[in-house]
Amino acid sequence: MQPVAEIDALLAGVPLPVLLIGPDERVVAANAAARNLFGAALVGRHHALSFRHPDVLAAIARARLGEPQKVRVARPGAAHDAVYDVSVTPGPQGVLCAFEDRSAEEQMDQMRRDFVANVSHELRTPLTALLGFIETLQGPARNDAAARERFLAIMSREAERMARLVRDLLHLSRVEAEERVRPSDEIDLAQLVRATTAGLRPMAEAAKVTIRLEGADAPQVVHADHDQMTQVLTNLIENAVKYGSPPGSEVRVSLSQETGLLGPKLRLTVADQGEGIDPLHIPRLTERFYRVDGHRSREKGGTGLGLAIVKHIVNRHRGRLIIDSEKGKGSRFSVILPLGRF
C-alpha cells in the first residue's frame, strides 16, 4: 500500500471532496474539500460514522466486492438539501469515494419546472374562459345580442390578461439577459420620477388615491437605464395604488441622498398607507408569481412578475431593494442606487 503521505498529496490535487477507505473500513485519507464537508476528524474513523446515508453505505459495501458504484444522494442543509453524485471505485489501496456537488443543477431544474408549472397555471384560467365563451357564442348565445356584448367584454379582459403575462415574461427575460451588463447612461432620476408620476396620476385618481412627491425638485443624476428605471417606478407605484392604498389615502414617492461605506447613495422610496404585509411574506415577494393575495391580484390584472422584474433591474444597477412593512401601518419599497461611477 502506498504511504499515506503520497495518497494525501494525490488527493489534495482533486477539487472534489475525495476520500479513501482502507480494508479495515476506516477512512485512510481525505482531501481538504472532504474534511470541510464531513468534518476535520474524518480520517481514522469508521466511514459509517461520517456519512450514514444507506445508499452510500450500500455502494461502499458493493465496491468492496469489486463493483464500481455511482449513486445520487441528498444531504440536508440549512436553506436547502445539497445533492451529490457519489462515485465509489474499488482499487488496490481500498475504496475511493468522490462527491460531486449537483445542488446548483438540481435547483435550476426545479426552478424551470416551477416556472413552467406557474406559467401553465396562469394561462390555463383565461384560456379556459375564452374557449368556454367562444363555444357559447357559437351555440346558445349565437343570436343573443346582450349576452354577446357581455361575453365579448369578458373575453377582451381575459385576452388582455394573457397579453400582460406574455409582456412581463418578455421583460423579465430581457432584464435577466442584461443583468451582468452595467448601464452607462446618465439620467436625472428626479425628472424621471416627476414624469412617471404625472403619467400615473389618472390611474391613481380613478382609485381615489393621491400621489405625493418629496425631494424630486433638484436634479439627481445617476448611471442608469432610462426605460428600466421607468419600469421600476411604474411597477412600484402601481402596486402601491392598486394593492396598498385604500380610497382617500396617499402614496408617497420620495428621493433622498445618504452616505454609505462604498460612497454616496440615492434612495428612492414608494410608501403607501395600506394594511401592510405580514412579515412572513416579505422574503418571498420578489419571487416569480408569488402573491400575498392571489385572487385580488388577478382581479386587478396583476401577473405576479412585477417585483421580480424590479429586483433584477435593481441588481443590474448594483443597487438594493429593501421592503419594510408592518401590519396596519403600510409598506415602504426602497431602491438604493450608487451615485457616480460604480
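Shown above is the structure to which this text applies.
One structure accompanies this document, and this report is about it. (Residues numbered from 1 in each chain as written. Predicted model: local features only at pLDDT ≥ 70, side-chain atom pairs only at ≥ 80, totals over all residues. Heavy atoms only, no water.)

1. Some thoughts on the pairing of strand β5 (residues 94–101)
Link 1 in the chain: Sheet topology places strand β1 (residues 18–21) next to β5; four bridges connect them, and they run antiparallel. Bridged to I21 within β5 is V95.
Link 2 in the chain: Between strand β4 (residues 82–91) and β5, which pair antiparallel in sequence order, lie two residues. (Pairing = 2+ DSSP bridges. Helix = DSSP H or I, 4+ residues; strand = E, 2+ residues; numbered from the N terminus.)

2. Let's talk about the sheet that holds β1
Two orientations exist for strands paired in a sheet by backbone hydrogen bonds: parallel and antiparallel.
Link 1 in the chain: Taken together, the five strands give an open sheet; going across it, the order is β2-β1-β5-β4-β3, and neighbouring strands pair in antiparallel fashion. Two strands bound the open sheet, and with one partner strand each, they are β2 (27–30) and β3 (69–75). Strand after strand, the sheet turns through a mean of 25° between neighbouring axes, direction not considered.
Link 2 in the chain: Strands β1, β2 and β5 of the sheet are contacted by helix α1 (residues 4–12), whose axis makes an angle of about 45° with β2. (Axes fitted to C-alpha atoms, helices over the stretch in contact; angles between N-to-C directions. Contact = heavy atoms within 4.5 Å.)

3. Overview of the layout of surface pockets
Link 1 in the chain: Estimated volume of the second largest pocket: approximately 480 Å³.
Link 2 in the chain: As for the second largest pocket, its lining consists of 17 residues, and the residues nearest its centre are M111, D114, N118, E287 and R288.
Link 3 in the chain: Put simply, the parts of the chain that give the lining of the second largest pocket at least two residues each are α4 (103–138) and α9 (306–316).
Link 4 in the chain: With six residues, the top contributor of residues to the lining of the second largest pocket is α4.
Link 5 in the chain: Of the residues that constitute the lining of the second largest pocket, the class distribution is six nonpolar, five polar and six charged. (1 Å grid on protein atoms, 1.4 Å probe; cavity = no way out; pocket = protein on both sides within 12 Å on 5 of 7 lines; lining within 4 Å. Points joined across faces, edges and corners; volume = space filled by probe spheres on them. Nonpolar A, V, L, I, M, F, W, Y, C, P; charged D, E, K, R; others polar.)

No statement about biological role is implied by the geometric values presented.
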